[in-house]
Amino acid sequence: MGPPGCRGSPTARGSLQHLLLFVLFVGPFNCFASYSRATELFYSLNEGLPAGVLIGSLARDLRLPTAGGQHPAALRPPLSFTLASHGLGGQYVQLDNRSGELHTSAVEIDREALCVESSGATIFGSSAVSSSSPSSEPCLLLLDVLVLPQEYFRLVKVKIAIRDVNDNAPRFPVPHIHLSVPENAPVNTRLAIEHPALDPDMGTNSVQTYRLRDNYGVFTLDVEENESGERTPYLIVMGALDRETQEEYVTVIIAEDGGTPPLVGTATLTVGISDINDNCPQFNDSQLNITLYGNSSLGTHVATVHAVDMDLGSNAQVTYSYSQKVHQPSRDLFHLNESTGAITLSTKIDGDTPKLHRLIILGNGPGCIPAVITVLVTIIKVMMRPPEVVPRFIANEVEGVVYLKELEPINTPIAFFTIKDPDEKYKVSCYLDGDGPFRLSPYKPYNNEYLLETTKPLDFETQQLYEISVVAWNSEGFRVNKVIKVQVLDDNDNSPVFSEQLIELSIEENNVPNAFLTKLHATDADSGERGQVSYFLGPDAPSYFALDKTTGVLTVSTQLDREEKEKYRYTVKAVDSGFPPRESIATVTITVLDKNDNSPRFINKDFSFFVPENFPGFGEIGVISVTDADAGQNGWVALSVLNGSDIFVIDTGKGVLRAKVSLDREQQSSYVLWIEAVDGGDPALSSTAKITILLLDINDNPPLVLFPQSNMSYLLVLPSTLPGSPITEVYAVDKDTGMNAVIAYSIIGRRGPRPESFRIDPKTGNITLEESLMQNDYGLYRLLVKVSDHGYPEPLHSTVMVNLFVNDTVSNESYIESLLRKEPDISIEEKQPQISIEPTHKKMESASCMPTLVALSIISLGSIALVTGMGIYICLRKGKRHHREDENLEVQIPLNGRISMHMLEKKPVEISNI
């Protein structure tokens, strides 16, 4: 290992880094004299930098020889830089193996991920070691780089310090913070907030300050920092607190870091004011005046005193007691309930009982001076005894409360009442006082017996408790009330009721599984378990719908597809817990709303249409059928032609394909179009289909004569031409196809000395000499040739004039041309040429050639030589004729194979029809 002071430094890193680099490299110069020693380089960079940022150049910082050095390049092998390990540190950098430049990689460096939040960390290859002080030791990335070849070999320790940036906002560990402060807390009381905000950034980028959004004028915040640099917020009480005035304060605590710009985090701070016993019981009145009849029965309620303590819990408990000033006879006569403050008559009043009683009652609270109230009870003596009302209950009665079930029948007996005068001196009458379905009537044949019964069924849901009185009075006007309470017991007589009998819902298709639909709600007027409602799906509900029995939440467990089913309708039940249970039924309808999840779909992927050529413009070629399973705007489909839109157009609504112009098969026999269908969704979906249009040929082109090229041309025929010899030909083509292009040739008019001497082959158009020419056969022959196709329904034809001049020589061309300019007097012979579709071979009759052969056999050798020469001349002239075939023609008509390739250069001449 080399000296620790031998370290490199990155370039352009600030004056401090340049100074560090100078100090590091001004060490012993022999650090660079040998390349076999280890070297240490230190760099620093911000976290979160993008890929490709230059960290440093190892070759430059190590002062290794480069191409610009003193040593010749040819004598110095190239340097090679290699990471010794590809651990955790290596994924964050890219090292150029040749130049030694170190760049950031595509993996972004996050200092908080590399280093533990609570302490500094150093990354060694693929491991992390925590340090004890994040403020003193930086987060380091360590790399080992090997420099080769051997003569420059060294192990370079590269340390990269990751500088923190303010990329994290403070965050409280809990969203709600609760503190409790006693209401008697003095000013400047400090309460530590046990959940301070956390910020993984370091230094000034960490949490610096805290503040309250609303301090209510009684709170403020302070921050204390311990030796390790941790900041803890403290809540300070700045004013008097009173729980009885406000028992809770809710505000927002804000933590702010020191970054630029600063980032903040918030949490809800609730400060509860705890109660202390700072209030004592208080009576509303200081004295009560009560009058009591001397004939009052035992247990008669005299009065109730009540004191109020504003504290809470045990601090607010009040007990009642007599003062020591209350005489014992009064204590014995009146009973005071220590808890409720109720005063009741405890002994019978007689003639010796004092007429005035002064009851001083104390309201006692814990740790308080008792509150005092005085109750003055005046007893009025009664000379006669009041009437007596003696009940005998038939229904269930407990402590003066009668319990009746609802739906009991009419005239249900409740109790018998005996009304009498204890002195048997006065007549006693009675009546029933109070509201309710009750009746008090005499029970005959007995005197002073009365029956209390119901007049109609009771309904717990209408009224649960009745309070009635049986009032008895005597002839002296003395009255006595007997209060009776009737408690109605609930029965399961009500079925659950849905808030809506028809529950209409909607949900978009392709919903997430277990999607919420609605929460059903049904009420039951019964009480207790009889009013508890459970929810169930009806038998017609699909299995993928679920209904929570307790909450009534309706969900769907699977994705719905509108194209598969658009509406669902089923029943749900609400059942109570009574015995027997009662239930009600509601209907749920669910409409699945459409989403644009289906592309337009053509009936066929490929469409083919056969259209006759010359079809009129904007005529209907065919209908493109396309559908879209979606609905509404999503299912609206627009069609358009992707190619060939200058010729074809399509009806968007009906899908009718039309051609803007008439189509000519001879120009183009077929068309391939691509039709796009786009729906109206957002975003729109589309699909395409291939359309093939094949044009059917019609016979709209007459044969086109290519040779002879003019009606004014002529051909010299020597009189010595042998019978059967080809003289010339008529060559024509037809742009149509099929039978419309099958051509037949015929001579329909002749003029000349012996015009029948020539014939034309109806299939090939070859004109041959039929008979030997005699001396009187010299002259101009004019043959009107009709070229006709086999088109349907009407064949088309063209005509051409073939001029043959029979003579030994052409001595006077002007004379011949004058003859050609004269209008020929030719009678038209309309005769349909006979030609078969299949090619046939013409059979030459040898008999017509026999006279010529005999004549030639007796001619001298000189004549034979002359005839041979003339034959050679004719063949040479015939060989100079050439025809040119049109490249766009689909039908080629061969001429028995006698036409040389030179004849293909003939230019077509349009000859008008006769």
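Residues numbered from 1 in each chain as written. Predicted model: local features only at pLDDT ≥ 70, side-chain atom pairs only at ≥ 80, totals over all residues. Heavy atoms only, no water.

## Looking at the overall build of the protein
Then comes step 1: Per the secondary structure count, the protein includes seven helices and 62 strands.
Then comes step 2: Counting every position in the protein, which comprises 914 residues, the buried fraction comes to 40%.
Then comes step 3: Within the protein, residue pairs in contact and separated by at least 24 positions form 67% of the contacts whose partners lie at least 6 positions apart.
Then comes step 4: Surface summary for the protein: the accessible area is close to 49700 Å², and the carbon and sulfur share equals 53%. (Helix = DSSP H or I, 4+ residues; strand = E, 2+ residues; numbered from the N terminus. Buried < 20%, exposed > 50% of the residue type's maximum accessible area, 1.4 Å probe, protein only. Contact = heavy atoms within 4.5 Å. Areas by Shrake-Rupley, 256 points an atom, 1.4 Å probe, with all protein chains shown as cover.)

## Some thoughts on the sheet that holds strand E37 (residues 502–508)
Then comes step 1: Ordered in space as E37-E44-E43-E40, the four strands form an open sheet in which the pairing is mixed. Looking at which strands have only one partner, the edges of the open sheet turn out to be E37 and strand E40 (533–537). Averaged over all adjacent pairs, the angle separating strand axes in this sheet is 30°, with direction ignored.
Then comes step 2: With nine bridges joining them, strand E43 (residues 567–576) and strand E44 (residues 583–593) adopt antiparallel strand pairing. (Pairing = 2+ DSSP bridges. Axes fitted to C-alpha atoms, helices over the stretch in contact; angles between N-to-C directions.)

## Let's talk about the confidence of the model for the protein
Then comes step 1: Averaged over every residue, the pLDDT of the protein is 80; residues scoring 70 or more account for 82%.
Then comes step 2: Confidence over residues 1–36 falls short of pLDDT 50; this stretch has 61 contacts with residues more than four positions distant or in other chains.
Then comes step 3: When the criterion is pLDDT under 50, residues 835–856 qualifies, and its contacts beyond four places in sequence or with other chains add up to 20 contacts. (pLDDT = per-residue confidence, 0-100.)

## A closer look at the state of the cysteines
Then comes step 1: In total, this model carries one disulfide according to the counting rule given.
Then comes step 2: Between the sulfur atoms of Cys 280 and its disulfide partner Cys 368 the distance amounts to 2.3 Å. Taking the sign of the S-S torsion, -90° for the link of Cys 280 and Cys 368, the bridge is left-handed. One end of the pair, Cys 280, is in the loop between strand E17 (264–274) and strand E18 (282–283); the other, Cys 368, is in the loop between strand E25 (356–364) and strand E26 (371–380), and 88 residues separate them in sequence.
Then comes step 3: For Cys 280, a relative accessible area of 30% gives the class partly exposed. (Disulfide = S-S within 2.5 Å.)

## Here we look at the sheet that holds strand E23 (residues 334–336)
Then comes step 1: Taken in spatial order, the three strands make up an open sheet running E20-E24-E23, and their pairing is antiparallel. Each edge of the sheet is formed by a strand with only one pairing partner; in this case those strands are strand E20 (301–304) and E23. Ignoring strand direction, the axes of neighbouring strands in this sheet form an average angle of 20°.
Then comes step 2: Across three bridges, E20 lies against strand E24 (residues 342–345) in antiparallel orientation. Each bridged residue has a counterpart across the sheet, and for Ala 303 the counterpart in E24 is Ile 343.

## Quick notes on the pairing of strand E58 (residues 743–751)
Then comes step 1: Most of E58 sits inside the fold, with seven of its nine residues counted as buried.
Then comes step 2: The pairing of E58 with strand E61 (residues 779–789) spans eight bridges and is classified as antiparallel. Across the sheet, the residue bridging to Arg 750 is Leu 783, located in E61.

## Topic: the pattern of salt bridges
Then comes step 1: One pass over the structure, following the stated rule, counts 24 salt bridges.
Then comes step 2: Residue Lys 157 pairs with Asp 144 through a salt bridge whose shortest N-O separation is 3.2 Å. Here Lys 157 is found in strand E10 (residues 154–163), whereas its partner Asp 144 is found in strand E9 (residues 139–148), with 13 residues between them in sequence.
Then comes step 3: Taking the relative accessible area as the measure of exposure, Lys 157 reaches 29% and is therefore partly exposed. (Salt bridge = Lys/Arg side-chain N within 4 Å of Asp/Glu carboxyl O.)

## Some thoughts on the nonpolar core
Burial of nonpolar side chains together is a common tendency in soluble globular proteins.
Then comes step 1: Within the largest apolar cluster, 28 residues are counted, with the highest numbers of intra-cluster contacts made by Leu 58, Phe 81, Leu 102, Leu 114, Val 145, Val 158 and Ile 160.
Then comes step 2: At the level of elements, strand E2 (39–46), helix H2 (58–61), strand E4 (80–83), strand E5 (93–95), E9 and E10 are the ones that each hand at least two residues to this core.
Then comes step 3: A per-element tally of this core places E9 first, with five residues.
Then comes step 4: The residues touching Leu 102, leaving out its near neighbours within four places in the chain, are Val 53, Leu 54, Ile 55, Gly 56, Leu 58, Val 93, Gln 94, Leu 95, Leu 143, Val 158 and Ile 160.
Then comes step 5: Residues Ile 290, Val 302, Tyr 320 and Ala 371 belong to the second largest nonpolar core, which totals 25 residues. (Core = buried A, V, L, I, M, F, W, Y, C linked by side-chain atoms within 4.5 Å.)

## Some points on a nonpolar patch on the surface
Then comes step 1: Taken together, the side chains of Val 398, Tyr 403 and Leu 489 present a nonpolar region at the surface, about 220 Å² in accessible area.
Then comes step 2: Structurally, Val 398 is set in strand E28 (residues 396–398).
Then comes step 3: Accessibility expressed as a relative area gives 42% for Val 398, which makes it partly exposed. (Patch = residues over 30% accessible without salt bridge, like charges linked within 9 Å, V, L, I, M, F, W, Y side chains within 5 Å.)

## So, the packing of aromatic side chains
Then comes step 1: Applying the stated criterion across every chain yields a total of 17 aromatic pairs.
Then comes step 2: With centroids separated by 6.1 Å and ring planes inclined at 85°, the aromatic side chains of Tyr 544 and Tyr 568 adopt a geometry described as edge-to-face. With Tyr 544 in the loop between E40 and strand E41 (545–547) and Tyr 568 in strand E43, this residue pair connects regions lying 24 residues apart in the sequence.
Then comes step 3: Residue classification places Tyr 544 among the partly exposed residues on the basis of a relative accessible area of 26%.
Then comes step 4: Judged by centre distance (6.4 Å) and plane angle (10°), the ring pair of Phe 607 and Phe 609 falls under stacked.
Then comes step 5: With a relative accessible area of 6%, Phe 607 lands in the buried category.
Then comes step 6: Judged by its relative accessible area of 13%, Phe 609 is buried.
Then comes step 7: Members of the aromatic cluster, joined through ring pairs, are Tyr 544, Phe 545, Tyr 568 and Tyr 570. (Phe/Tyr/Trp six-rings, centres within 6.5 Å; stacked < 30°, edge-to-face > 60°.)

## Observations concerning the side chain of Glu 406
Then comes step 1: You can see Glu 406 is positioned in the loop between strand E29 (401–405) and strand E30 (413–420).
Then comes step 2: Look at Glu 406: it is buried, it has no salt bridge, and the nearest opposite charge is Arg 530 at 6.3 Å.
Then comes step 3: Beyond its immediate stretch of four places on either side in the chain, Glu 406 contacts Leu 458, Asp 459, Phe 460, Glu 461, Val 488, Leu 489, Asp 490, Asp 491, Asp 493 and Asp 526. (Lys, Arg positive; Asp, Glu negative; His and termini not counted.)

## Quick look at the environment of Arg 98
Then comes step 1: The topology assignment puts Arg 98 in the loop between E5 and strand E6 (101–104).
Then comes step 2: Each C-alpha atom, one on Arg 98 and one on Ser 80, is 5.3 Å from the other, the two residues being 18 residues apart in sequence.
Then comes step 3: For Arg 98, the contacting residues outside a window of four places in its chain are Pro 78, Leu 79 and Phe 81.
Then comes step 4: Polar side-chain contacts of Arg 98 include one of 3.5 Å to the backbone oxygen of Leu 79. (Polar contact = N/O pair within 3.5 Å; in protein donor to acceptor, adjacent residues only side chain to side chain.)

## Considerations on the side chain of Asp 576
Then comes step 1: Inspection of the secondary structure puts Asp 576 in strand E43.
Then comes step 2: Here Asp 576 is buried and forms no salt bridge, its nearest opposite-charge partner Arg 582 lying at an N-O distance of 5.2 Å.
Then comes step 3: Polar contacts involving the side chain of Asp 576 include one to the main-chain amide nitrogen of Gly 578, which spans 3.3 Å.
Then comes step 4: Ignoring anything within four residues of it in the chain, the contact list for Asp 576 reads Asn 492, Asn 494, Pro 496, Asp 524, Asp 526, Arg 530, Gln 532, Val 533, Pro 581 and Arg 582.

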